[in-house]
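# A closer look at the structure
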Amino acid sequence: VTYWYEKARALVEAGKVKRVGLLATQGIRGGANRAVLERIKDTGDIFWAQSDRDWVQDGVNVHVSMIGFDNGSETKKVLDEKSVPAIHANLTSEADTTTARILPENSGICFMGTTKIGAFNLAPDVAREMLAVPVNPNGRPNSDVVKPWVNAMDITRRPRGMYVIDFGAEMPEAEAALYEEPFEYLRKHVYYKRQENNREVYRKKWWIHGEPRPEMRAALVGLCRFIITTRVSKYRVFCWMDPATLADSATFVFAREDDYFFGMLHSHIHEVWGLHMGTALEDRPRYTPTSTFETFPFPWPPGKEPLEDARVQAIAAAAKELVEKRDAWLNPPGTSQQELVSRTLTNLYNARPAWLADTHRKLDEAVAAAYGWPATLTDPEILERLLGLNHERAGKS
């Protein structure tokens with residue numbers, strides 16, 4: 001798709017075409033795809049666009065973007081059927097967040113979970129059998145390498161109690177083989193498939209996850225818990241996770257264990273930035289470590305928060321209250337298993353009861369105060385201020 005955008009742009013630049021109208025899935029506005037729209041604006045301009053439109057035809061239901069562009073001669077700009085002063089490469093007319101820069105101060109915190117490349121995950125009953133086995137020839141239990149595992153479903157729905165075989169990022173094959181039953185399980189269910197893979201490292205290190213994320217593992221060492229969110233979700237929710245749990249690539253891990261940071265991530269200010277900076281899969285926003293998190297300017301650079309400051313403590317207290325009330329709703333004492341099935345974060349945020357809205361409001365007010373901003377800012381005003389802070393921080397780095 002991006003090939004045709006670039007080909008059409010080149011024709012406009014060469015004077016062979018006056019105007020172009022094309023459509024694509026709305027992912028054209030974000031990530032690497034957006035480069036073709038940035039090039040269009042470098043040599044011309046976008047004068048008309050539908051940023052996100054349902055496309056339903058012959059059983060297909062997707063979200064598309066529709067874009068009209070020329071050499072810059074058209075002065076009237078229309079975005080989503082409204083006249084606007086400009087249309088940016090991310091198909092917005094508000095703060096031009098395409099100019100936001102990655103902030104080095106945010107590095108080493110947010111990571112994608114491991115990518116398995118093979119059937120490493122285990123159903124609870126299979127895992128329990130492995131965990132019940134006496135110690136191995138190396139004198140170690142299988143719990144060293146059979147670990148709790150979560151993906152996006154375990155966060156937005158109910159935890160399924162899944163496990164995964166994980167030999168870390170560098171364990172040699174001979175050492176892994178000493179964990180007899182887990183190793184033989186992978187020999188049966190993973191080895192042959194990995195030998196068919198085109199990537200040499202996947203074939204040679206078939207007992208190791210395809211992308212084991214050593215940087216993530218190093219960042220989590222010593223933490224009593226970590227924060228997790230889904231890569232794609234209807235609602236941008238964050239949860240606490242036990243450090244023994246391994247996260248799947250459908251999730252992002254934040255190597256922080258403090259309530260303050262949790263509250264910052266779960267604030268409306270961070271959500272506005274994330275929705276604007278990311279793309280979406282159908283109607284579900286997509287989060288990314290680079291464009292979404294690493295560009296986000298916190299009130300203080302991560303790691304330099306004044307912990308005794310009343311503003312930091314207010315955010316931490318509000319975040320803790322949110323988690324406690326949410327957990328009480330998700331797992332009320334004496335509730336039947338049948339009823340628990342419907343008690344999910346997605347259903348909770350679909351309903352958004354008054355107590356949840358009030359708790360989030362308290363958190364949002366605390367976060368706004370940390371920035372020194374009014375709690376009544378509109379989303380466009382929030383974006384303008386965050387972009388200005390991003391530029392200020394980037395200029396100092």
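Here the structure is shown first, and the text comes after it.
Residues numbered from 1 in each chain as written. Predicted model: local features only at pLDDT ≥ 70, side-chain atom pairs only at ≥ 80, totals over all residues. Heavy atoms only, no water.

Pairing is mixed in the open sheet, where five strands are placed in the order β1-β3-β2-β4-β5. Each edge of the open sheet carries a strand with a single partner, namely β1 (19-25) and β5 (82-84). Averaged over all adjacent pairs, the angle separating strand axes in this sheet is 30°, with direction ignored. Alignment of strand β2 (residues 45-57) against strand β4 (residues 77-79), held across two bridges, turns out to be parallel. Residue pairing in the sheet places A49 in a bridge with L79 of β4. Running at roughly 150° to β2, helix α2 (residues 35-43) makes contact with β2 and β3 (60-70) of the sheet. (Pairing = 2+ DSSP bridges. Helix = DSSP H or I, 4+ residues; strand = E, 2+ residues; numbered from the N terminus. Axes fitted to C-alpha atoms, helices over the stretch in contact; angles between N-to-C directions. Contact = heavy atoms within 4.5 Å.)

This part covers a negative patch on the surface. Taken together, the side chains of E94, D379, E381 and E384 present a region of like negative charge at the surface. Residue class for E94 comes out partly exposed when judged on its relative accessible area of 36%. (Patch = residues over 30% accessible without salt bridge, like charges linked within 9 Å, V, L, I, M, F, W, Y side chains within 5 Å. Areas by Shrake-Rupley, 256 points an atom, 1.4 Å probe, with all protein chains shown as cover. Salt bridge = Lys/Arg side-chain N within 4 Å of Asp/Glu carboxyl O. Lys, Arg positive; Asp, Glu negative; His and termini not counted. Charge placed at Lys NZ, Arg CZ, Asp CG, Glu CD. Buried < 20%, exposed > 50% of the residue type's maximum accessible area, 1.4 Å probe, protein only.)

In a disulfide, the sulfur atoms of two cysteines are held together by a covalent bond. In this structure the tally under the stated criterion is zero disulfides. A disulfide-free cysteine, C224 has its sulfur positioned 16 Å from the sulfur of C239, the nearest such atom. Take C239: its relative accessible area is 14%, and that puts it in the buried class. (Disulfide = S-S within 2.5 Å.)

On to the packing of helix α13 (residues 310-330) against helix α16 (residues 354-371), then. At their nearest, the axes of α13 and α16 sit 8 Å apart, and the two run at 165° to each other. Here α13 is positioned roughly antiparallel relative to α16, judged by the angle of their axes. Crossing angle aside, the handedness with which α13 passes α16 is left-handed. Along its contact with α13, which presents R311, A314, I315, A318, A319, E321, L322, K325, R326 and W329, the element α16 presents W355, L356, T359, H360, K362, L363, A366, V367, A369 and A370. Of the residues belonging to the contact of α13 with α16, the class tally is 13 nonpolar, two polar and five charged. (Parallel < 35°, antiparallel > 145°, perpendicular 65-115°, else oblique. Left-handed = near helix turned anticlockwise from the far one by under 90°. Nonpolar A, V, L, I, M, F, W, Y, C, P; charged D, E, K, R; others polar.)

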